[in-house]
Amino acid sequence: MAEPHSIRVLDDTRNAWWNDDFLALVAARTGLDQCSYVLDVGCGHGHFGRRIAPLLKTPFEIMGVDREPQWIDVAARRARAFLSQSKLDGSLTYQSGIAEALPFGDHTFDAVVCQTVLMHLRDPAAALREFARVVKPGGLVLAAEPNNFGALQRLANDLDAPGASVEAHLLLVEAHARIIAGKRALGEGDNALGARLPALFRPFESTQFFTTDRPYVLAPPYESDAEQLVIERLRERCERDEAGWSRGDARRYWLAGGGALERFESVYASMVEHEKRELAAIDAGTHAELSAIVHFVAAGRTKR
Ligand SMILES: C[S@@+](CC[C@H](N)C(=O)[O-])C[C@H]1O[C@@H](n2cnc3c(N)ncnc32)[C@H](O)[C@@H]1O
């Protein structure tokens, strides 16, 4: 069986996307802090559920669903460790289910949340209709989704690096644009979905939008857990001669995004070279950067 895409992205680098006091602000502004029965759709290993658990009205009950049964076991195991350590008054339970046909009755939950899930769906609007069906009338729907086009700002970091050039940067911009467009054209999701959140949330009332206040920092001596994890992942990719996307996925998306087959290998090599330049600068202790993580929260309520 092919391994799920999420195996590449479900790690603890997710913990570095938020500051807890910022999430508490979002919970207070959206009323998530008044919710106790919450559905976490596409829960993966349960990172987002555990992150919002301390913000909910107690005793809380978080139900996580994911289409990958193997993640259900991981999430349940991590929830047990989390609850015994945190001593929070609540429960986290997990079961298989798909976002577009949730295995719950109408008007069940106080809130339905998801993080980096709509971006992976062929039809995110259909999933949001399901979220609206299973939430109570007037209930909260909250989605945290990125716009990964934002990562292009990071190109500015190596403008002066040996081997870098405006031409090489333009190639990386083209690769990024074609890959994101191609993935979307194939119906495999939208890495820039964050930008579409206002359109997707039009059916909801009292909509609010936020972006994380947590920046992406890499600065010598790269001591924080977040920096160490980012560097570990970068090193693994460089050792596999891969950039952000696997070579196979990148090729499919590049072609679907209108890229010419004969250019693919050199474009992908530029992407890998870019990552290797960054790793070399980190290993030399010369790489320092501050960039925005373009990760949005959209929240809205169904009609009462
Ligand atoms: C990038 S992970 C995010 C996991 C989790 N929300 C988090 O933030 O850590 C996306 C998750 O959505 C799940 N997923 C993708 N499509 C789904 C669908 N149609 N229904 C339910 N889960 C889905 C994947 O299996 C994966 O666990």
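Residues numbered from 1 in each chain as written. Predicted model: local features only at pLDDT ≥ 70, side-chain atom pairs only at ≥ 80, totals over all residues. Heavy atoms only, no water.

1. Topic: the site of the ligand
Lining the immediate surroundings of the ligand are 21 residues, of which Arg14, Gly42, Asp66, Ala99 and Gln115 lie closest. At 3.0 Å, a side-chain N or O of Glu100 approaches a nitrogen atom of the ligand. Residues of the shell around the ligand, tallied by class, amount to eight nonpolar, eight polar and five charged. (Near = heavy atom within 4 Å. Polar contact = N/O pair within 3.5 Å; in protein donor to acceptor, adjacent residues only side chain to side chain. Nonpolar A, V, L, I, M, F, W, Y, C, P; charged D, E, K, R; others polar.)

2. Considering the sheet that holds strand β6 (residues 205–211)
Strands pair in a sheet through their backbones, by hydrogen bonds, and they do so in one of two ways: parallel or antiparallel. Strand order across the open sheet formed by seven strands is β3-β2-β1-β4-β5-β9-β6, with mixed pairing between neighbours. The open sheet is flanked by β3 (90–96) and β6, the only strands paired with a single partner. Sheet twist, expressed as the average angle between the axes of neighbouring strands with direction ignored, equals 15°. Where strand β2 (residues 60–66) meets β3, seven bridges bridge the pair, whose relative direction is parallel. Within the sheet, the bridge partner assigned to Asp66 lies in β3 and is Ser96. Packed on one face of the sheet, helix α3 (residues 69–86) meets β2 and β3 and runs near 170° to β3. (Pairing = 2+ DSSP bridges. Helix = DSSP H or I, 4+ residues; strand = E, 2+ residues; numbered from the N terminus. Axes fitted to C-alpha atoms, helices over the stretch in contact; angles between N-to-C directions. Contact = heavy atoms within 4.5 Å.)

3. Notes on helix α8 (residues 247–256)
Along α8, the residues classified as buried are Ala250, Tyr253 and Trp254. Taken down its axis, α8 places every buried residue within 105° of arc, on the same side. In this fold, the buried residues of α8 make contact with α5 (166–185) and α9 (261–283). Where α8 terminates, the next one or two residues include Gly258, which has phi positive at roughly 90°. (Buried < 20%, exposed > 50% of the residue type's maximum accessible area, 1.4 Å probe, protein only. Arc of directions from axis to C-beta.)

4. Notes on helix α4 (residues 124–134)
Turn by turn, an α-helix covers 3.6 residues, leaving residues three or four places apart pointing in a common direction. Buried residues of α4: Pro124, Ala126, Ala127, Leu128, Glu130, Phe131 and Val134, and no others. Looking at the buried side of α4, the elements it contacts are β1 (37–41), β4 (109–115), β5 (135–146) and α6 (197–200).

5. As for the pairing of β2
In terms of burial, β2 is largely enclosed, as six of its seven residues are buried. The pairing of β1 with β2 spans five bridges and is classified as parallel. Within the sheet, the bridge partner assigned to Val41 lies in β2 and is Val65. Read as a crossover between parallel neighbours, the route from β1 over helix α2 (residues 47–52) to β2 is right-handed. (Right-handed = clockwise from strand over helix to strand, strands pointing away.)

6. Digging into the pattern of salt bridges
Under the counting rule described, the total for this entry stands at 20 salt bridges. Notably, a salt bridge pairs Asp190 with Arg184, separated by 3.5 Å at the nearest N-O pair. For Arg184, a relative accessible area of 47% gives the class partly exposed. Residue Glu265 is joined to Arg251 by a salt bridge in which the shortest nitrogen-to-oxygen separation is 3.4 Å. Taken as a pair, Glu265 in helix α9 and Arg251 in helix α8 lie far apart in primary sequence, 14 residues in all. What makes Arg251 partly exposed here is its relative accessible area of 30%. Counted as one network, the salt bridges with shared partners bring together Asp106, Glu130 and Arg133. (Salt bridge = Lys/Arg side-chain N within 4 Å of Asp/Glu carboxyl O.)

7. Let's talk about the side chain of Arg50
Tracing the backbone shows Arg50 in helix α2. Among the polar contacts listed, one links the side chain of Arg50 to the backbone oxygen of His45, at a separation of 2.7 Å.

8. Here we look at the environment of Pro146
Mapped onto the fold, Pro146 is located in strand β5. Under the relative-accessibility criterion, Pro146 is labelled buried at 7%. Each C-alpha atom of the pair Pro146 and Leu55 lies 22 Å from the other, and the pair is 91 residues apart in sequence.

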